[in-house]
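# Examining the three-dimensional arrangement
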Amino acid sequence: MRTQVAIIGAGPAGLLLSQLLDAAGVESVIVETRSREYVEARIRAGILEQSTVDLLRSCGLGERLDTEGDVHRGIHLQWPRERHHLDFSELIGRTVTVYGQTEVTKDLGRARAAAGQEIVYEVSGTAVHDPETERPSVTYTGPDGRPGRIEADVVVGCDGSFGPARAAVPDPQTWERVYPYSWLGILADVAPSTDELIYAWHPDGFALHSMRSATVSRLYLQVPNGTDVATWSDDRIWTALATRLGHGQDGWTLNPGPITEKSVLPMRSFVQQPMRHGRLFLAGDAAHIVPPTGAKGLNLAVADVALLAPALASLLRDKDPAPAEAYSDTALRRVWRCTHFSWWMTTMLHTSEDPFDAQLQLSQLRWLATSEAGATGLAENYAGLPIGF
Ligand code: FAD
Ligand code: DHB
């Protein structure tokens, strides 16, 4: 089959890229290893930056987001006996929206299906060929076991942290930081016990109270690397959350409820540079991973494709290669900003064995809670810098 842009991966980056390319009059075909149902049910991110929301609205994906998304003015930062609200709206005039990645991919999946987008699900053995030429291609084995080939003008790797596209860039520079802790994440059928997210520092370890809707809560606990989820009973999880989130403090209570999903997530930072090799481009988790503490991963994937789609339209439609040539450098500026912010939030909030670290963390948290300059810096990064930063 022949198309203009062959996209590997139907996660948020790949689906949104095809939506934006279509709007710019550029054709694409997507290949994806999983089924559509699997991709749409995968529980991941929950927080959308203002510019992500604006972009989704601008490409016709705002309807359900505007009715079901929950706009938050800021976050609560907490440590034992103290809880402080940082109001992004007041500090910088920007907000964030709680709307699950599952919902973003469902909206995108429906929009792409309605537009007749070609997506080959359940492929295996995806490989990139000839990215140095003007006729790169992608080969795969289809769900029926037959070999498939997409000949294209451009290939985009939107294949996440374990996909093959990144390895097709020769001699890249890479940076990695593996953190000495993981998150135990749960989804529970219970109304959130808080209006906005609580990020809590505690000597037992970090805890985060997030949510998906008025009836579904999402919570996380810092746990040691290698933790077996089977060692955390529902009771043990709710007890640890209650302690770390300050149940009983100033009359605040944490409401437990039935846990419907439980998993352990390792945490790392990773950046690969450049994000382009000839006619192969990388976007989203294919090029960079951030630890989840700053809620940046999905937003960064969206920012990449918001930059890449017009660059590819210039290249393929207007025969102007300049924006595509600048893509990697431009995207990496934001990638490194978010990499720093995610590292900073992570190292400020997760406890270690070192009592000196704990004092520095508490000092930093007190400064954020009492200094408008400190709080504004956090707000700018958390609510998100404008696309094209
Ligand atoms: P992915 O979503 O990983 O999509 C890649 C796709 O490529 C997948 O569908 C995969 O199946 C497919 N693929 C892989 N290999 C191949 C192949 N060989 N051939 C074809 N297809 C292939 N981010 C935030 O912004 N805010 C948050 O609050 C947040 N919370 C998170 C919480 C958790 C628990 C986790 C795990 C992540 C969180 N993130 C968050 C990160 C966010 O989910 C990711 O950054 C985001 O999914 C990246 O999108 P992507 O499209 O680049 O990659
Ligand atoms: C969620 C995940 C995050 O990493 C974060 O910082 C905030 C919220 C979530 O899944 O809701």
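Right, let's walk through the structure included here. Note that the structure is predicted; figures quoted are calculated from it, not measured. Think of each chain on its own: its residues are numbered from 1, step by step along the sequence as written. Working convention: letters from A go to chains and numbers from 1 go to ligands, in the order in which they are written. With the structure being a predicted model, the display of local features is reserved for residues of pLDDT at least 70 and the display and counting of side-chain atom pairs for 80 or more, all residues being used for whole-chain, interface and lining totals. By convention in this description, side-chain values take in all heavy atoms of the structure and omit both hydrogens and water.

Below, the discussion takes up the overall build of the chain. Each helix and strand counted, the chain has 11 helices and 20 strands in total. Whereas a compact globule of 389 residues would reach a radius of gyration of roughly 21 Å, the chain reaches 21 Å, a difference of no more than 12%. With the C-alpha coordinates of the chain rotated into their principal frame, the extents come out at 65 × 45 × 40 Å. Long-range pairs, those at least 24 residues apart, make up 72% of the contacts in the chain between residues at least 6 apart in sequence. Working definition: helices are DSSP H or I runs of at least four residues, strands are E runs of at least two. Numbering for both runs from the N terminus. We take the radius of gyration over the C-alpha atoms and set the globule estimate at 2.2 Å times the residue count to the 0.38 power. In this analysis, two residues are considered to be in contact whenever any of their non-hydrogen atoms come within 4.5 Å of each other.

Let's shift gears to empty space enclosed by the protein. With a 1 Å grid spanning the protein atoms alone, the term cavity applies to any set of points in which a 1.4 Å probe fits but cannot get out, the term pocket to an open set with protein on both sides within 12 Å along at least five of seven lines, and the term lining residue to any residue with an atom within 4 Å of a point. Grid points are joined across faces, edges and corners, and a volume is the space filled by probe spheres set on the points. Taken as a whole and assessed by the stated rule, the structure comprises two cavities of 30 Å³ or more. Size it by volume and the second largest cavity reaches roughly 30 Å³. As for the second largest cavity, its lining consists of L56, L61, L65, Y99, V104 and D107.

Note on definitions. A residue lies near a molecule or strand when any single heavy atom of the residue is within 4 Å of it. The environment of ligand 2 is made up of 14 residues, and the closest members are Y199, S210, R212, Y220 and P292. Whenever a nitrogen or oxygen atom comes within 3.5 Å of another N or O atom, the pair is scored as a polar contact, on the condition that within protein one atom can donate a hydrogen and the other can accept it, and that pairs from neighbouring residues in sequence are kept only if both atoms are in side chains. In the environment of ligand 2, an oxygen atom lies 2.6 Å from a nitrogen or oxygen atom belonging to the side chain of Y220. When ligand 2 sits alone it has 290 Å² of accessible area, and the protein chains cover 96% of it. Secondary structure elements with two or more residues in the shell around ligand 2: β15 (207-211) and β16 (217-224). Considered class by class, the residues forming the shell around ligand 2 number eight nonpolar, three polar and three charged. Segment limits for the domains were obtained from an automatic or database-derived domain assignment. Both domains that meet at the shell around ligand 2, namely domain 1 (5-71 + 98-175 + 268-350) and domain 2 (177-267 + 351-381), each give it at least three residues. Residue burial considers only the protein chains on display, and all accessible areas are found by Shrake-Rupley using a 1.4 Å probe. Put simply, Ala, Val, Leu, Ile, Met, Phe, Trp, Tyr, Cys and Pro go in the nonpolar bin, Asp, Glu, Lys and Arg in the charged bin, and everything else, Gly too, in the polar bin.

Summarising the element assignment, P321 is placed in the loop between α8 (297-316) and α9 (322-349). Each residue gets one of three labels from its accessible area relative to the maximum for its type: buried under 20%, exposed over 50%, partly exposed in between, using a 1.4 Å probe on protein chains only. Residue P321 is classed as partly exposed on the basis of its relative accessible area of 35%. Considered as a pair, P321 and A311 are 10 residues apart in the sequence and their alpha carbons are 7.7 Å apart.

Along the chain, I47 turns up in strand β3 (residues 47-49). Looking at I47, the relative accessible area reads 7%, which means it is buried. The spatial distance from the C-alpha of I47 to the C-alpha of L362 is 25 Å, given a sequence separation of 315 residues.

As a further point, take the packing of α9 against helix α11 (residues 372-383). Working convention: axes come from line fits to C-alpha atoms, limited for helices to the stretch in contact. Angles between N-to-C directions cover 0 to 180 degrees. Where α9 contacts α11, the axes come no closer than 10 Å and their chain directions differ by 120°. The angle between α9 and α11 places the two elements in the oblique class. Crossing hand, α9 versus α11: left-handed. Counting all contacts with α9, which are made through R337, F341, W344 and M345, the residues of α11 involved are L378, N381 and Y382. Taken together, the residues of the contact of α9 with α11 break down into five nonpolar, one polar and one charged. Convention used here: angles under 35 degrees read as roughly parallel, angles over 145 as roughly antiparallel, angles from 65 to 115 as roughly perpendicular, and any remaining angle as oblique. If you view the pair so one helix is near and one far, a crossing is left-handed when the near helix is turned anticlockwise from the far one by less than a right angle, and right-handed when it is turned clockwise.

The full set close to ligand 1 counts 33 residues, and E32, Q101, T126, D285 and L298 are the nearest of them. In the environment of ligand 1, an oxygen atom lies 3.2 Å from a nitrogen or oxygen atom belonging to the backbone of G46. Here L298 contributes a backbone N or O atom positioned 2.6 Å from an oxygen atom of ligand 1. Computed on the free molecule, ligand 1 has an accessible area of 990 Å², of which 89% lies beneath the protein chains in the complex.

Here we come to helix α1 (residues 12-23). Expected span of a helix, by definition, is 1.5 Å for each gap between consecutive residues, and there is one gap fewer than residues. Taking 1.5 Å per residue as the helical rise, α1 with its 12 residues ought to reach 16 Å, and the 17 Å between its terminal C-alpha atoms agrees with that figure. In terms of burial, α1 is a largely internal element, 10 of the 12 residues being buried. The set of residues buried in α1 consists of P12, A13, G14, L15, L16, L17, S18, Q19, L20 and L21. Residue G25 follows α1 closely and has a positive phi angle near 80°.

If you look at the biggest cluster of nonpolar residues, it comprises 68 residues, and the most contacted ones within it are V5, L16, L17, V156 and L312. Ignoring sequence-local partners within four residues, the contact set of L16 consists of L55, L56, C59, L61, L108, V302 and V305. Nonpolar core, defined: a set of buried Ala, Val, Leu, Ile, Met, Phe, Trp, Tyr and Cys residues in which side-chain atoms within 4.5 Å join the residues together. In this structure, A295, M345, L368 and A379 belong to the second largest nonpolar core, which totals 34 residues.

Both faces of the sheet carry side chains from a regular strand, because those side chains alternate between them. When DSSP finds two or more bridges between a pair of strands, those strands are recorded as paired. Strand direction decides the pairing type here: strand β5 (residues 74-79) and strand β6 (residues 82-87), joined by six bridges, are antiparallel. Along β6, the bridge assignment pairs H76 with H85. Count of turn residues in the β5/β6 antiparallel hairpin: two residues, of which R81 carries a positive phi of about 70°.

What follows deals with the packing of aromatic side chains. Planes of paired rings set the category: under 30 degrees apart is stacked, over 60 is edge-to-face and the rest tilted, where pairs are Phe, Tyr or Trp rings (Trp by its six-membered ring) whose centres lie within 6.5 Å. In the structure shown here, the tally under the stated rule is 10 aromatic pairs. With a centroid separation of 5.9 Å and 90° between ring planes, the pair formed by Y199 and Y382 is classed as edge-to-face. On the criterion of sequence distance, the pair formed by Y199 in strand β14 (residues 198-200) and Y382 in helix α11 is long-range, its members being 183 residues apart. We note that Y199, like Y382, is buried. Taking 6.5 Å as the distance between ring centres and 85° as the angle between the ring planes, the aromatic pair formed by F341 and Y382 counts as edge-to-face.

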